[in-house]
Structure formats: C-alpha cells, structure tokens
Amino acid sequence: MHADPTAPIPSMTFPALHAGHCYASSCGRVTLYHGRWQDLLPLPVDAIITDPPYGTGWLRGGGKVGKFKPKKEGAEWDVFDVSWLERAPATVAAFCPANRVWEMCQALATPHVLKYRKTNPPPFGYKCEPIVTSKPPRSDWEKEAYNGDNPLHPCQKPLPLMGWLVQEMTEEGETVCDPFMGSGSTGIACIRANRRFVGIEQDPTHYATALARITNELAQGDLFLGHNDQALHQAGREGATK
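Residues numbered from 1 in each chain as written. Predicted model: local features only at pLDDT ≥ 70, side-chain atom pairs only at ≥ 80, totals over all residues. Heavy atoms only, no water.

We now examine unusual backbone geometry. For the peptide bond that leads from Leu 41 to Pro 42, omega is 5°, which places it in the cis range. Along the polypeptide, Pro 42 turns up in the loop between helix H1 (37-40) and strand E3 (47-50). Unlike most non-glycine residues, Asn 194 shows phi in positive territory, near 70°. Within the secondary structure, Asn 194 is located in the loop between helix H4 (185-192) and strand E12 (196-201). (Helix = DSSP H or I, 4+ residues; strand = E, 2+ residues; numbered from the N terminus.)

The following block contains the structure:
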C-alpha cells in the first residue's frame, strides 16, 4: 500500500533548526533545510535522489541559449565525497562523474548504473552522464533530456530528467530527500509526481532560490497530480535544479 501523500509529516519527524534555517509547508509535504548534510543526515526518508558535487571545479553557465561558457572555480563545496551514502536509506539515485562511477558503486550493496543522455552536449564534452542507483529502474535504463542553460544553478539538471528518476525509484506518497538540493528541481519533480520532499542546501543563495521555486509550485495546489507524466514531459526545456 502506498503512503498517503496528503498526510502531514509529523512535526517531530525531522530535526528543528533555528528560525530562518528551516521551512515546513503547511500541507506537510515539503521540508527544506538551510544547512549541511553532515549536520542533518540520516533522516527518516524512503529515498535519496540527488546530484552531489563532482569535485572537478568546472562549472558551466551564462550566455545565450545553447551557448556554453565553462569556467574553473575552486568552490569550497565542490568536493566529491561518497561518505553521505553511509547515512542514506536503502533507495539511492545519484549523478556521478564518469571517472568516479566505480568508487560510488563500491559504496552500494547492489549498484546499478543508469544513463542521462544529453540532447545538446557541450562542445568536446560528455554526451552522457552516469547515474548510480541502489536498485534497477522499473522500465528505462536511460533518459534523454535537453541539458538546460543553467539559469538558476551552475550544475542544474533538467526537470523532466529529475521527474523520471523520482518515478522510477519511488512510489507515490513516499518521501524523497535531496541533501544537495541546489535550486530545488528534485523538489519540484517530487511535488508534481505526488511524493513528499525533504531538501538540504548549505549555500544561502541557492537555498533562497529553491525556497522561492518550491513555495511557488505549492501555491499552484495539486494542479499536476493525476497528470504527472504529461506535466513532466511538457516541462520540456525548463531548467531544473541541480
């Protein structure tokens, strides 16, 4: 039996932070934390679906649609680290740099590798990106999606891509956590796919972006429920969060 997605999450289920560092929706379906995963995980959730830092220092963004402007930045948060998996639930799906797939697979008991195929890969860049999961998908092992133009986060992933992962890895009414929330696309995908969501983001700018996007999405009510596949596919080229 699926969990009831409309049932409020008990107030004591998740840890409380100082005022301004935590948001809980009135419907009980979304909880957001401005903080670090190290201070919050593990949480009582059904799955983690996330795009963690790759540790490459390369970010992409800016320019017009279809234009790529890679740049090297040594951001403090940009460190590839699989230790968060020690605090993860049984179901996990995480994007991963191609040269670190084996390392992430070794951290899981039953690893599987899915594929994100980009319809507009950057010049001289990778056409595909691996997604390491703890269980096989229900149907497709790869998803083709437009790579976006990163208007909200330097490492954004397309919303249809995140929606596909949410629906392949979880059931309606379950709770998904993204400990590297970025601008909140996993949360948007969860709302539209009738899942509950817990997001963690340590960067104040990205947290504010995610909070604004998600509260705006919630304000639309259950517009997308019952039309999940159509809504996610029609999202087309909307740039979703990391």
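There's more to say after this.
This next bit is on the packing of aromatic side chains. Under the criterion given, the structure shown has 2 aromatic pairs. Look at Trp 84 and Phe 180: their rings are 6.0 Å apart centre to centre, the planes differ by 75°, and that puts the pair in the edge-to-face class. You can see Trp 84 sitting in the loop between strand E5 (71-72) and strand E6 (91-95) and its partner Phe 180 sitting in the loop between strand E11 (175-178) and H4, a full 96 residues away along the chain. On the accessibility criterion, Trp 84 (0% relative accessible area) is buried. You can call Phe 180 buried: its relative accessible area is 11%. Just above the ring of Phe 95 sits the side chain of Lys 157; from NZ or CZ to the centre is 4.9 Å. (Phe/Tyr/Trp six-rings, centres within 6.5 Å; stacked < 30°, edge-to-face > 60°. Buried < 20%, exposed > 50% of the residue type's maximum accessible area, 1.4 Å probe, protein only. Lys NZ or Arg CZ within 6 Å of the ring centre and 35° of its normal.)

A few words now on the packing of H4 against helix H5 (residues 204-219). Their axes nearest at 9 Å, the elements H4 and H5 cross at an angle of 15°. With respect to H5, the element H4 is oriented roughly parallel. Crossing handedness for the pair H4 and H5: right-handed. For the pair H4 and H5, contact is made by Ser 185, Gly 187, Ile 188, Ile 191 and Arg 192 and by Arg 213, Ile 214, Glu 217 and Leu 218, respectively. Tallied by class, residues from the contact of H4 with H5 come to 4 nonpolar, 2 polar and 3 charged. (Axes fitted to C-alpha atoms, helices over the stretch in contact; angles between N-to-C directions. Parallel < 35°, antiparallel > 145°, perpendicular 65-115°, else oblique. Left-handed = near helix turned anticlockwise from the far one by under 90°. Contact = heavy atoms within 4.5 Å. Nonpolar A, V, L, I, M, F, W, Y, C, P; charged D, E, K, R; others polar.)

With 70% of its residues at a pLDDT of 70 or more, the chain has an overall mean of 81. Contacts of residues 61-68 to residues separated by more than four positions or lying in other chains number 16 contacts, the stretch itself having pLDDT below 50. Low confidence marks residues 224-242, where pLDDT is under 50. Its contacts with residues over four positions away, or in another chain, come to 61 contacts. (pLDDT = per-residue confidence, 0-100.)

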